[in-house]
Amino acid sequence: MRLNKYISETGVCSRREADKWIEAGRVTCNRQPAVLGTQVADGDEVRIDGELIGVKKKQTYIALNLFFNITSTTETHIEDNIIEHIGYPERIFPVGRLDRDSEGLILLTNNGDIVNEILRSENNHEKEYVVTVDRPITDLALRMMADGVKIMGELTKPSKVIRIDAQSFRIILTQGLNRQIRRMCSALGYKAQRLQRVRIMNIHLGDLKPGQWRHLTPEELSGLIR
C-alpha cells in the first residue's frame with residue numbers, strides 16, 4: 001500500500017496532505033525518511049514528527065443537511081466552518097462543497113479515496129438540486145438549461161431539468177463547475193434565490209432537518225462504493 005494512502009486510512013489527514021508531509025520530511029517508515037511512493041507492508045512502523053501511527057480507524061460516512069452561511073472547509077480558523085458546525089469527535093472532511101448561500105445534502109468522510117472517486121467529473125455521478133428563481137421561469141429557459149448554457153467560456157454538460165412550479169425546478173447535474181447553477185440561471189436572466197441539494201448519486205436528503213446528520217446505511221454505501 002502506498003504510504004499516503006496508509007496515512008489517510010488512519011484518519012490523520014488526507015492523502016494530499018500526507019504527500020505534503022512526506023515532502024517536508026515529517027514522515028519516516030521503519031525509522032528511515034520516507035519519500036513519495038514509499039510502499040508500506042504489514043508490520044512496518046510509520047511515524048509522523050516522531051509519533052507512531054498505524055491503527056486504521058473505522059471508515060466513517062455521514063450525510064448532513066447543511067445550513068446556508070456555513071463554509072464547506074476543514075480550515076477551523078475560518079468562521080462558521082463545517083467541521084465546527086457538525087462537531088464530530090473524529091477527523092472527517094466534506095466530499096466537495098456547497099456555496100455559503102446554498103443548502104442541503106453534503107457528505108463527510110475520513111476516506112480520502114472516495115472523495116476523488118465522487119468528484120471526478122468523467123465518472124458522471126449525478127447530483128440533484130431544487131432551485132427557486134426570482135420570477136416565473138419559461139419553458140424555453142428550462143429547455144436551454146437542460147441542453148447546456150455557456151458560462152465562464154464553456155458550455156455546460158446536458159442536464160435533466162423538471163419544473164416544479166412557476167418559479168421552481170429540479171436540475172440533475174453530472175458536473176460541478178464553480179457556482180454552476182447560479183451562473184446558468186444568471187446567463188438566462190434569472191437569479192437563483194434558493195438552491196438546495198437533495199441528492200448525491202444514490203443518497204437522498206430525505207427528511208433530515210437543517211443541521212441534522214446521520215450515518216449512511218449499508219445499502220447507501222454499497223451504491224456509493226463500487
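Quick caveat: nothing in here was measured; it's all calculated off a predicted structure. (Residues numbered from 1 in each chain as written. Predicted model: local features only at pLDDT ≥ 70, side-chain atom pairs only at ≥ 80, totals over all residues. Heavy atoms only, no water.)

Visitor: Whenever I open this one, the nonpolar core confuses me. Can you help?
Guide: What tends to happen in soluble globular proteins is that the nonpolar side chains get buried as a cluster. Residues Val131, Phe169, Ile171 and Cys185 are the most contacted members of the largest nonpolar core, which totals 30 residues. When contributions to this core are tallied by element, the ones reaching two or more residues are strand E5 (61-66), helix H3 (82-86), strand E7 (103-109), strand E8 (127-133), helix H5 (139-147), strand E12 (168-173), helix H6 (180-187) and strand E13 (192-200). Those residues in contact with Cys185 that lie beyond four places of it in its chain are Val131, Val133, Met145, Phe169, Tyr190 and Ala192. Tyr61, Val130, Met201 and Leu205 belong to the second largest nonpolar core, which has 18 residues in total. (Core = buried A, V, L, I, M, F, W, Y, C linked by side-chain atoms within 4.5 Å. Buried < 20%, exposed > 50% of the residue type's maximum accessible area, 1.4 Å probe, protein only. Helix = DSSP H or I, 4+ residues; strand = E, 2+ residues; numbered from the N terminus. Contact = heavy atoms within 4.5 Å.)

Visitor: Could you clarify how one ought to interpret the side chain of Asn4 in this entry?
Guide: Here Asn4 lies in helix H1 (residues 3-9). Residues within four places of Asn4 in sequence aside, it is in contact with Arg15, Ala18, Asp19 and Ile22.

Visitor: What is the right way to read the packing of aromatic side chains from this model?
Guide: Remark: the centre distance and the inter-plane angle together describe each pair of aromatic rings, the angle taken between the planes. Within this structure, the stated rule accounts for one aromatic pair. A ring pair is formed by Tyr88 and Trp213, whose centres lie 5.5 Å apart and whose planes are at 80°; its orientation type is edge-to-face. With a gap of 125 residues between them, Tyr88 in the loop between H3 and strand E6 (93-94) and Trp213 in strand E15 (residues 213-215) connect regions that are remote in the sequence. On the accessibility criterion, Tyr88 (19% relative accessible area) is buried. In this structure, Arg26 is placed above the aromatic ring of Trp21, and the distance from its NZ or CZ to the ring centre is 4.5 Å. One cation-aromatic arrangement involves Arg135 over Tyr190; the distance from NZ or CZ to the ring centre is 4.1 Å. (Phe/Tyr/Trp six-rings, centres within 6.5 Å; stacked < 30°, edge-to-face > 60°. Lys NZ or Arg CZ within 6 Å of the ring centre and 35° of its normal.)

Visitor: Looking at this structure, I do not really get the environment of Leu142. What am I missing?
Guide: Along the chain, Leu142 falls in helix H5. Taking the relative accessible area as the measure of exposure, Leu142 reaches 7% and is therefore buried. Separated by 109 residues in the primary sequence, Leu142 and Pro33 have C-alpha atoms spaced 57 Å apart. Filtering out sequence-adjacent residues up to four positions away, Leu142 remains in contact with Ile137, Val161, Arg163 and Phe169.

Visitor: Is there a simple way to think about the pattern of salt bridges in this case?
Guide: A side chain of one charge can pair with a side chain of the opposite charge if their charged atoms are brought near each other. Applying the stated rule across the entire model yields 16 salt bridges. With its nearest N and O atoms 2.9 Å apart, the salt bridge here joins Lys5 to Glu9. On the criterion of helical spacing, the pair formed by Lys5 and Glu9 is a turn pair, its members being four residues apart in helix H1. One salt bridge connects Arg31 with Glu45, and the closest N-O pair in it is separated by 3.4 Å. Taken as a pair, Arg31 in the loop between strand E1 (27-29) and strand E2 (32-33) and Glu45 in the loop between E2 and strand E3 (46-48) lie far apart in primary sequence, 14 residues in all. Bridged by salt links that share partners, the residues Arg97, Asp99, Asp101, Arg179 and Arg182 form one connected network. (Salt bridge = Lys/Arg side-chain N within 4 Å of Asp/Glu carboxyl O.)

Visitor: Got a minute to help me understand helix H4 (residues 112-119) in this structure?
Guide: For an α-helix, 3.6 residues make a turn, and residues three or four places apart therefore share a direction. Every buried residue of H4 is accounted for by Gly112, Ile114, Val115 and Ile118. Buried positions in H4, seen along its axis, are confined to an arc of 160° and lie on one side of it. (Arc of directions from axis to C-beta.)

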